[in-house]
Amino acid sequence: MLVEWLAQTPAGVAETMETVTAFDEALTHGFGRLTESRQAALTGLAGAFGATPLGERLADAAAKVVAGSPGDEYLAALAGGRLALLGAVHDALHTGLDSAIGRQREPWQAPPAADSVAENLLSGVRTWLVELAVAGWRGVTEDLVGTADPLIEALLAEPRTRRLAVLLDGFAAELRASSPILTLPQLPVRRWADLWSRAMLLAQPGFPASTAGQPVTGRFLPLGVDLHEHPTAVQAQVHGLLEAGGALKLVRISVSAAKVDTISGAAVWRLLRGYPQLLAALAERRSLDLTGMTLLGSGDLLWDEACAAAGAPADPLATARVQLVQAVAAAVPPLDRHPVRPAEPVFLEAHQLAADGPLTVDIDRISSAGPITAEMAAGASAMIGLLRWDAGRWLVQPLAVEATVKKKPVTAYSGDWAMGPSDPKEAKAEAAAGDAVGVLRERAGRLLRK
């Protein structure tokens, strides 16, 4: 059933994405310079909600902006509409996928409204976002980006607004690094529109707080690790199963560290050595016994080494074969419902990985920090992978593979090199890079002591 479903696209997805793309194009050129086609993009987005309770509000907002009155309340409505359309695509993909693989998902429990914060601070953020929208990405200058700096500093000083502060800080940094934007041949249009829309909603008074966590005690069974690398940061996101009484849960653990762009491949694991229990469990293919670790409603475990201990051996492929189909997934928070969000762990057999099937292995996401190769993935007889929807098709990112190499059966896991690579060539390269990690740490320590 999974293979058949992956070959299809849910009804309405293509049309919805076209509506969002047209809105993003208008935002790129600025709401202060709306041509007839860009005016139609705004009214088209509002028209998508014509039969809903939001229809009248969005129609009024689009009319005001087209008439040259881009107040923050109108742009907030349009930003919300845009995110709602993307959320609808996300839900169509997620619901269909859950049905195809027989996965149960917990219902969403809405958190309470956030405590009030200084309205003048949020108002300042909204004003800056309005100025960005009026100028459009092509009209953004360094001076305009710089006006966000004091706002970000003030937001960082207030714990309740740090989520918004971090988003704005990264957004402003991207805009600044792309300067002069006017001369760039290509822009990350969808990404910047996503950041702008999300910031506009987070800057609304009383926006719901993040979901509170609950302490859990039980056993965590790793399935695989997805390494996210950036020139200045690395994050290991470990997917696995949580046995903590009641239903088996599908959860994630994320740990991060700063880096420089010269550190890559297996050497990035050295940057995460502050999490020895987690890395050892990955490298040794073991479970972890957890005591009082916090689990968020989003399915994220807030990792704390003091709450974890090494458990019994647990082979990820064996775990996935027997238990993954029983796991209950967490609900996705509304603001995170986006077509790029799904990253669903699945267990796939050889017939589901056929070369002429609808499922393509995403070789670009195979990390060089692990032993899995494109050749292994192409010839896999079984696989744990993350299903992702990208540019209108489903791709699978290998986390673990079972294959035959030189007529010998082998298994490879994305976390096998967490404590160091077993491949001699990689070990030599990792050792050389490790010297660089040590030097950087020593220099950083010297600077801090000064």
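This text follows the structure it describes.
A brief look at the structure comes next.

Calculation criteria
- Residues numbered from 1 in each chain as written.
- Predicted model: local features only at pLDDT ≥ 70, side-chain atom pairs only at ≥ 80, totals over all residues.
- Heavy atoms only, no water.
- Helix = DSSP H or I, 4+ residues; strand = E, 2+ residues; numbered from the N terminus.
- Rg over C-alpha atoms; globule rule 2.2 N^0.38 Å.
- Buried < 20%, exposed > 50% of the residue type's maximum accessible area, 1.4 Å probe, protein only.
- Contact = heavy atoms within 4.5 Å.
- Lys, Arg positive; Asp, Glu negative; His and termini not counted.
- Charge placed at Lys NZ, Arg CZ, Asp CG, Glu CD.
- Salt bridge = Lys/Arg side-chain N within 4 Å of Asp/Glu carboxyl O.
- Axes fitted to C-alpha atoms, helices over the stretch in contact; angles between N-to-C directions.
- Parallel < 35°, antiparallel > 145°, perpendicular 65-115°, else oblique.
- Left-handed = near helix turned anticlockwise from the far one by under 90°.
- Nonpolar A, V, L, I, M, F, W, Y, C, P; charged D, E, K, R; others polar.
- Polar contact = N/O pair within 3.5 Å; in protein donor to acceptor, adjacent residues only side chain to side chain.
- Expected span 1.5 Å × (residues − 1).
- Core = buried A, V, L, I, M, F, W, Y, C linked by side-chain atoms within 4.5 Å.
- Pairing = 2+ DSSP bridges.
- Phe/Tyr/Trp six-rings, centres within 6.5 Å; stacked < 30°, edge-to-face > 60°.

### A short note on the overall build of the chain
Per the secondary structure count, the chain includes 14 helices and 13 strands. Here the C-alpha radius of gyration of the chain, 23 Å, is about what a compact globule of 450 residues would show, namely 22 Å. Reported as C-alpha extents along the three principal axes, the dimensions of the chain are approximately 70 × 60 × 45 Å. The proportion of buried residues among the 450 residues of the chain is 46%. In the chain, once contacts between residues fewer than 6 apart in sequence are set aside, the share between residues at least 24 apart is 70%. Charge centroids of the chain, computed over 40 positive and 49 negative side chains, lie 5 Å from each other.

### A closer look at the pattern of salt bridges
Think of it this way: side chains of opposite charge can pair up when their charged atoms draw near. One pass over the full model with this rule turns up 21 salt bridges. For aspartate 149, the salt bridge goes to arginine 176, with nearest N and O atoms at 3.1 Å. Of the two residues, aspartate 149 sits in helix 8 (residues 149-156) while arginine 176 sits in helix 9 (residues 162-177), which places them 27 residues apart along the sequence. Residue arginine 321 is joined to glutamate 402 by a salt bridge in which the shortest nitrogen-to-oxygen separation is 3.0 Å. Of this pair, arginine 321 sits in helix 12 (residues 316-323) while glutamate 402 sits in strand 12 (residues 393-405), and the two are 81 residues apart along the sequence. The class for arginine 321 is partly exposed, based on a relative accessible area of 39%. Classification of glutamate 402 as partly exposed rests on a relative accessible area of 24%. Among the charged side chains, a network of salt bridges with common partners joins Asp24, Arg82, Arg190 and Asp194.

### Thoughts on the packing of helix 6 (residues 119-135) against helix 9
Following both chains from N to C, one finds helix 6 and helix 9 inclined at 30°, their axes separated by 13 Å at the closest point. The angle between helix 6 and helix 9 falls in the class roughly parallel. Seen from above, helix 6 lies across helix 9 with left-handed handedness. For the pair helix 6 and helix 9, contact is made by Leu122, Val125, Trp128, Leu129 and Leu132 and by Leu164, Leu168, Phe171, Ala172 and Leu175, respectively. Here the contact of helix 6 with helix 9 is built from residues that sort into 10 nonpolar, no polar and no charged.

### A few points about the side chain of serine 298
Note that serine 298 resides in the loop between strand 5 (286-295) and strand 6 (300-302). Given the relative accessible area of 11%, serine 298 is considered buried. A distance of 2.6 Å separates a polar atom in the side chain of serine 298 from a polar atom in the side chain of aspartate 300.

### Observations concerning helix 10 (residues 189-202)
Between its first and last C-alpha atoms helix 10 spans 20 Å; for 14 residues at 1.5 Å apiece the expected length is 20 Å, and the two agree. Residues Trp192, Ala193, Asp194, Leu195, Trp196, Ser197, Ala199, Met200, Leu201 and Leu202 constitute the buried set of helix 10.

### A look at the nonpolar core
By size, the foremost hydrophobic cluster in this structure holds 86 residues, and its most contacted members are Phe31, Leu78, Trp128, Trp137, Leu168 and Trp196. Among the elements that line this core, the one with the most residues is helix 5 (residues 72-101), at 14 residues. Dropping the residues within four chain positions of it, leucine 168 is found in contact with Val125, Trp128, Leu129, Ile152, Leu155 and Ala199. Counting 34 residues, the second-largest nonpolar core is a separate cluster that includes Leu282, Leu288, Leu290 and Met293.

### Looking at the pairing of strand 5
The pairing of strand 2 (residues 214-230) with strand 5 spans 6 bridges and is antiparallel. Within the sheet, the bridge partner assigned to glutamine 214 lies in strand 5 and is leucine 295. The pairing of strand 5 with strand 7 (residues 308-313) spans 4 bridges and is antiparallel. In the strand pairing of strand 7, leucine 290 is matched with alanine 308. Bridge count for strand 5 against strand 6 is 2 bridges, and the pairing is antiparallel. The partner of threonine 294 across the bridge, within strand 6, is leucine 302.

### Here we look at the packing of aromatic side chains
Aromatic rings considered in pairs are described by the distance between their centres and by the relative angle of their planes. If you walk through the whole model with that rule in mind, you get 5 aromatic pairs. Centre to centre, the rings of phenylalanine 23 and phenylalanine 31 are 5.7 Å apart; their planes meet at 65°, and the pair counts as edge-to-face. Neither residue differs from the other here; phenylalanine 23 and phenylalanine 31 are each classed as buried. One aromatic cluster is present, built from ring pairs that chain together Trp128, Trp137, Phe171 and Trp192.

### As for the environment of arginine 388
When you line up the elements, arginine 388 lands in strand 11 (residues 382-390). Arginine 388 gets classed as buried once you look at its relative accessible area, which sits at 13%. Taking the C-alpha atoms as reference points, arginine 388 and glutamate 344, 44 residues apart in sequence, are found 7.1 Å from one another. Aside from chain neighbours lying at most four places away, what touches arginine 388 is Asp226, His228, Pro342, Ala343, Arg365, Arg393, Trp394, Leu395 and Gln397. Among the polar contacts listed, one links the side chain of arginine 388 to the side chain of aspartate 226, at a separation of 2.7 Å. A polar contact of 3.1 Å, which involves the side chain of arginine 388, links it to the side chain of glutamine 397.

### Brief notes about the side chain of serine 287
Of note, serine 287 is situated in strand 5. What makes serine 287 buried here is its relative accessible area of 1%.

### Overview of the environment of glutamate 36
Secondary-structure assignment places glutamate 36 in helix 3 (residues 36-47). A relative accessible area of 70% places glutamate 36 in the exposed class. Each C-alpha atom of the pair glutamate 36 and valine 66 lies 9.4 Å from the other, and the pair is 30 residues apart in sequence.

### A look at helix 5
Under the 1.5 Å per step criterion, the end-to-end length of helix 5 is 42 Å for 30 residues, consistent within 8% with the ideal 44 Å. When you tally the buried positions in helix 5, you get 21 out of 30 residues, the bulk of the element. Immediately beyond the C-terminal end of helix 5, within one or two residues, lies glycine 102, with a positive phi of roughly 70°.

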